[in-house]
Amino acid sequence: MGFMPPLTVADALSKIHKKAWVLPAIQREFVWNSDQIRTLFDSLMRGYPVGSFLLWGLEKEQVGKFTFYDFLTDYHELKAPYAPKANVPKGANVVAVLDGQQRLTALNVGLYGSYAEKLPGKWMTNPDAYPRKRLYLNIISEHGDEDLGISYNLQFLTDSEAAAEVDGVRPWFKVADILDLGNSGPAIMSQLLTRGVTDPAYQEAAFAAINQLYDGIRNQQVINAYQEESQDPDRVLDIFVRVNSGGTKLSNSDLLLSMATNQWQELDAREEVRSLVAELANGPGQFKFSKDLVLKTGLMLTEAADFQFKISNFTQENMSRLEKGWEEIRASLLRAARLLASFGLSGRTLTADSVVIPVAYYLHAHGHGEKYLTAGAHAADRAIVRTWVLRSLLKRGVWGSGLDTLLRHIQTVIRDATVGNFPIASVESVMAARGKAITFSTEEIDDVLELQYGKPRTFAALAILYPGLDLSQQFHEDHIFPKSRLSRSALTKSGVSRDQLEEYLNRVNGLPNLQLLPGVPNAEKGAQWPWEWMNGNRFVSAAAREQYRAQNDLDLLPEDLFGFIRFYDKRKQRLARRLFALLDGGE
């Protein structure tokens, strides 16, 4: 291992784009966020060190034996979160980056690419939810970001946002343009004039800002690296694990995936896992399951002796078992996700991702294929699984601490079950023995009754309360009395007295004022009063209307706004009685 001559950022990225530097398959994904990228560029502009790098020099005879990846350039949280496979030219030596991937990728995104993450409050399916943004420097701003501790005003902006003018000045300089400047003198002045920075009061600071960026990217040799020359992959893997297992640099699941990538014989572990994660995110329910969950599911389904994420479990035997069972692991997890989606759950409403692991194990261990999801013969069993899943999600703390031990006991019960259905009694028994009982005390039921609109457990509570709903459609939490009609100003205009306002407002988002509605009827209902909507043309017959009214406890509806508090309190009492019956209340 030897120290390499230091490089500028521009020279290092040039090697990346010439495919002289690549990523080994044992590397994890890019995980930095936009704030971390901004902070790194701020450090460069301020002349701070950016840490050392560890490289692996591979001779051309060894290159063909391994899988490599390019550095990510245009990051898209949904569509392109992963680095693509590298097409390394035959007969070429390459350098693989063992430590420093996150920093180099961040530099590459900032100088050559873009960053697209979901905007808060927008649905994943909204085409405008992931705007493409590039890194820009505000050359006339004197303030950075105090929360991040950065001095320069570096922001990820869309091109239209960056084109905005302030008093005839275009202050946003695209960081990528620093690579095209001919020099750090006249070329910078030309940029200032082009952008309308003619006021001497601004010129000096603007020139200094661009010059600092130029110096940090193109002049200062801040990339200091050591290069391992051994061609022994086991030695290199050992170095990689040692370097990346300290602190919080690399999670244990990343290490497991690294081992699998290196040891699988036929399949590419990284490609298989990332493909499955993407398919789960884009499939029914749009579940954002992690690589950790996928790998833990794999260890459980392949009956590994221990499926905790420990280095001692990263054995050749476990890795071989994972590869051989991968197709069934993949199919079972996808099937389990579709089953959860049929219960009405989604990435938004699933409060504990780990619940999918025992569901996948049950489907796998008992040989339940695709027919299980829809066949009438399995309807009763699906209802049992649904009840267990929803109760475990509604109960606080079930899927938190002690997860691996809990999964081990559930695995044993499911594997040894002789009954044809999901062994719910035995599963709940071993859960209770581990302090994870899913029965509810009076206090816990009172806690459920106080759930509010949009809170993590609210969907599960409504789904338990109204089991007759076909939740295979996309359902939303809906305010029975519209929220917009119960604002302070709206209530005042409607004639609600001042001394009753708080009583109304305190009940607006409460569970007794909520129901589950499919997406289209929910949109159609809008801000209608509940009695207007119930008497509208949504129902095919009077009998259907009355059935819906009874099933959803809407027979308590008043004729006007002034009966809201009585309706809310009566419905709460009815929900309480039902929850006591459903959740074994009082134990």
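Owing to the predicted nature of the structure, the values given are computational and were not obtained by experimental measurement.

1. Quick look at the overall build of the protein
(1) Moving on: A count of helices and strands for the protein gives 25 helices and 13 strands.
(2) Moving on: Based on the C-alpha atoms only, the size of the protein along its principal axes is roughly 80 × 65 × 40 Å.
(3) Moving on: Going through the 587 residues of the protein one by one, you find that 51% of them count as buried.
(4) Moving on: The contacts in the protein between residues at least 6 apart in sequence include a share of 73% that link residues at least 24 apart.
(5) Moving on: Within the structure as shown, the protein displays about 26500 Å² of accessible surface, and the carbon and sulfur contribution to it stands at 48%.
(6) Moving on: A distance of 3 Å separates the average location of the 65 positive side-chain charges in the protein from that of its 70 negative side-chain charges.

2. Points about the pairing of strand 12 (residues 475–479)
(1) Moving on: Within strand 12, five of the five residues are buried, leaving the element largely enclosed by the surrounding structure.
(2) Moving on: The pairing of strand 12 with strand 13 (residues 514–518) spans five bridges and is classified as antiparallel. Residue pairing for strand 13: phenylalanine 475 is matched across the bridge by proline 518.

3. Regarding the sheet that holds strand 8 (residues 134–138)
(1) Moving on: Taken together, three strands build an open sheet; the order of strands is 9-8-10 and the sheet is antiparallel. The open sheet is flanked by strand 9 (154–157) and strand 10 (172–174), the only strands paired with a single partner. Going across the sheet, the axis of each strand differs from the next one's by a mean of 45 degrees, ignoring polarity.
(2) Moving on: Across four bridges, strand 8 lies against strand 9 in antiparallel orientation.

4. Here's the deal with the side chain of arginine 335
(1) Moving on: Inspection of the secondary structure assignment puts arginine 335 in helix 13 (residues 326–342).
(2) Moving on: Here arginine 335 falls in the buried class, since its relative accessible area comes to 10%.
(3) Moving on: In this view, arginine 335 contacts Glu328, Leu363, His368, Gly369, Glu370 and Leu373; residues no more than four positions away in its chain are not counted.

5. Side note on the pattern of salt bridges
(1) Moving on: All told, the structure shown has 27 salt bridges when counted by the stated rule.
(2) Moving on: Ionic pairing is found between arginine 578 and aspartate 553, a salt bridge with its closest N-O pair at 2.8 Å. Here arginine 578 is found in helix 25 (residues 564–582), whereas its partner aspartate 553 is found in the loop between helix 24 (542–551) and helix 25, with 25 residues between them in sequence.
(3) Moving on: Residue arginine 578 is classed as partly exposed on the basis of its relative accessible area of 24%.
(4) Moving on: Bridged by salt links that share partners, the residues Asp553, Asp555, Arg574 and Arg578 form one connected network.

6. Focus: the packing of helix 1 (residues 9–17) against helix 4 (residues 101–112)
(1) Moving on: In the contact formed by helix 1 and helix 4, the axes pass within 11 Å of each other and the chain directions differ by 90 degrees. The angle between the axes of helix 1 and helix 4 places the two elements in the roughly perpendicular class. Of helix 4, the residues touching helix 1 (which contributes Val9, Leu13, Ile16 and His17) are Leu104, Leu107, Asn108, Leu111 and Tyr112.
(2) Moving on: Partitioning the contact of helix 1 with helix 4 into residue classes produces seven nonpolar, two polar and no charged.

7. Notes on unusual backbone geometry
(1) Moving on: Unlike most non-glycine residues, aspartate 167 shows phi in positive territory, near 55 degrees.
(2) Moving on: With respect to the element layout, aspartate 167 can be found in the loop between helix 5 (159–162) and strand 10.
(3) Moving on: What makes aspartate 167 exposed here is its relative accessible area of 79%.
(4) Moving on: Even without a glycine there, the phi angle at glutamine 286 is positive, about 45 degrees.
(5) Moving on: Considering the arrangement of structural elements, one finds glutamine 286 in the loop between helix 10 (269–282) and helix 11 (291–301).

8. Structural notes on the nonpolar core
(1) Moving on: Membership of the largest hydrophobic core comes to 85 residues, with the highest contact counts inside it found for Leu345, Trp388, Val389 and Trp399.
(2) Moving on: The element best represented in this core is helix 13, accounting for nine residues.
(3) Moving on: In contact with tryptophan 388, not counting residues within four places along its chain, are Val355, Pro358, Val359, Trp399, Ile410, Phe422, Ile424, Val427, Glu428, Met431 and Ile438.
(4) Moving on: Membership of the second largest hydrophobic core comes to 55 residues, among which are Leu40, Phe53, Phe156 and Leu213.

9. Quick word on the sheet that holds strand 4 (residues 68–69)
(1) Moving on: The mixed open sheet is built from six strands, whose spatial order is 1-11-3-6-2-4. Looking at which strands have only one partner, the edges of the open sheet turn out to be strand 1 (2–3) and strand 4.
(2) Moving on: On the sheet, helix 4 packs against strand 2 (21–24), strand 3 (52–58) and strand 6 (94–99) and is oriented at approximately 115 degrees with respect to strand 6.

10. Section: the packing of helix 16 (residues 403–416) against helix 17 (residues 424–433)
Between two packed helices, what matters for the description is the angle formed by their axes and the separation of those axes.
(1) Moving on: Relative to each other, helix 16 and helix 17 sit at 155 degrees, their axes nearing to 9 Å. Between helix 16 and helix 17, the angle falls in the class roughly antiparallel. In the crossing of helix 16 with helix 17, the sense of the turn from one axis to the other is right-handed. Contacts from Leu406, His409, Ile410, Val413 and Ile414 of helix 16 reach helix 17 at Ser426, Val427, Val430 and Met431.

11. Regarding the environment of tryptophan 388
(1) Moving on: Structurally, tryptophan 388 can be placed in helix 15 (residues 379–394).
(2) Moving on: Spatially, the C-alpha atom of tryptophan 388 lies 16 Å from that of alanine 417, the residues being 29 residues apart in sequence.

12. Brief notes about the packing of aromatic side chains
(1) Moving on: For the structure shown, the criterion picks out 20 aromatic pairs.
(2) Moving on: Measuring from centroid to centroid gives 5.9 Å for tryptophan 388 and tryptophan 399, while their planes differ by 90 degrees, and the two rings are edge-to-face. One end of the pair, tryptophan 388, is in helix 15; the other, tryptophan 399, is in the loop between helix 15 and helix 16, with 11 residues separating them in the sequence.
(3) Moving on: With a relative accessible area of 0%, tryptophan 388 lands in the buried category.
(4) Moving on: Tryptophan 399 sits in the buried class, given a relative accessible area of 11%.
(5) Moving on: On the basis of an interplanar angle of 40 degrees and a centroid distance of 5.5 Å, the ring pair of phenylalanine 481 and phenylalanine 567 is categorised as tilted. Linking phenylalanine 481 in the loop between strand 12 and helix 20 (488–493) with phenylalanine 567 in helix 25, this pair joins segments that are 86 residues apart in sequence.
(6) Moving on: Residue phenylalanine 567 is classed as buried on the basis of its relative accessible area of 1%.
(7) Moving on: An aromatic cluster is present here, built from Phe481, Tyr504, Trp529, Trp531, Phe564, Phe567 and Tyr568 joined pairwise through their rings.

13. Considerations on the environment of aspartate 159
(1) Moving on: Mapped onto the elements, aspartate 159 comes out in helix 5.
(2) Moving on: Leaving out residues up to four positions away in the same chain, aspartate 159 has contacts with Arg134 and Tyr136.
(3) Moving on: A polar side-chain atom of aspartate 159 sits 2.9 Å from a polar atom in the side chain of tyrosine 136.

14. Considering helix 24
(1) Moving on: What helix 24 keeps buried is the set Arg545, Tyr548 and Arg549. Projected down its long axis, helix 24 shows its buried positions confined to an angular sector of 100 degrees, all on one face.
(2) Moving on: Each element contacted by the buried residues of helix 24 is listed here: strand 13 and helix 23 (530–534).
(3) Moving on: Looking one or two residues past helix 24, aspartate 553 carries a phi angle of roughly 55 degrees, positive in sign.

Cut-off values and rules
- Residues numbered from 1 in each chain as written.
- Predicted model: local features only at pLDDT ≥ 70, side-chain atom pairs only at ≥ 80, totals over all residues.
- Heavy atoms only, no water.
- Helix = DSSP H or I, 4+ residues; strand = E, 2+ residues; numbered from the N terminus.
- Buried < 20%, exposed > 50% of the residue type's maximum accessible area, 1.4 Å probe, protein only.
- Contact = heavy atoms within 4.5 Å.
- Areas by Shrake-Rupley, 256 points an atom, 1.4 Å probe, with all protein chains shown as cover.
- Lys, Arg positive; Asp, Glu negative; His and termini not counted.
- Charge placed at Lys NZ, Arg CZ, Asp CG, Glu CD.
- Pairing = 2+ DSSP bridges.
- Axes fitted to C-alpha atoms, helices over the stretch in contact; angles between N-to-C directions.
- Salt bridge = Lys/Arg side-chain N within 4 Å of Asp/Glu carboxyl O.
- Parallel < 35°, antiparallel > 145°, perpendicular 65-115°, else oblique.
- Nonpolar A, V, L, I, M, F, W, Y, C, P; charged D, E, K, R; others polar.
- Core = buried A, V, L, I, M, F, W, Y, C linked by side-chain atoms within 4.5 Å.
- Left-handed = near helix turned anticlockwise from the far one by under 90°.
- Phe/Tyr/Trp six-rings, centres within 6.5 Å; stacked < 30°, edge-to-face > 60°.
- Polar contact = N/O pair within 3.5 Å; in protein donor to acceptor, adjacent residues only side chain to side chain.
- Arc of directions from axis to C-beta.

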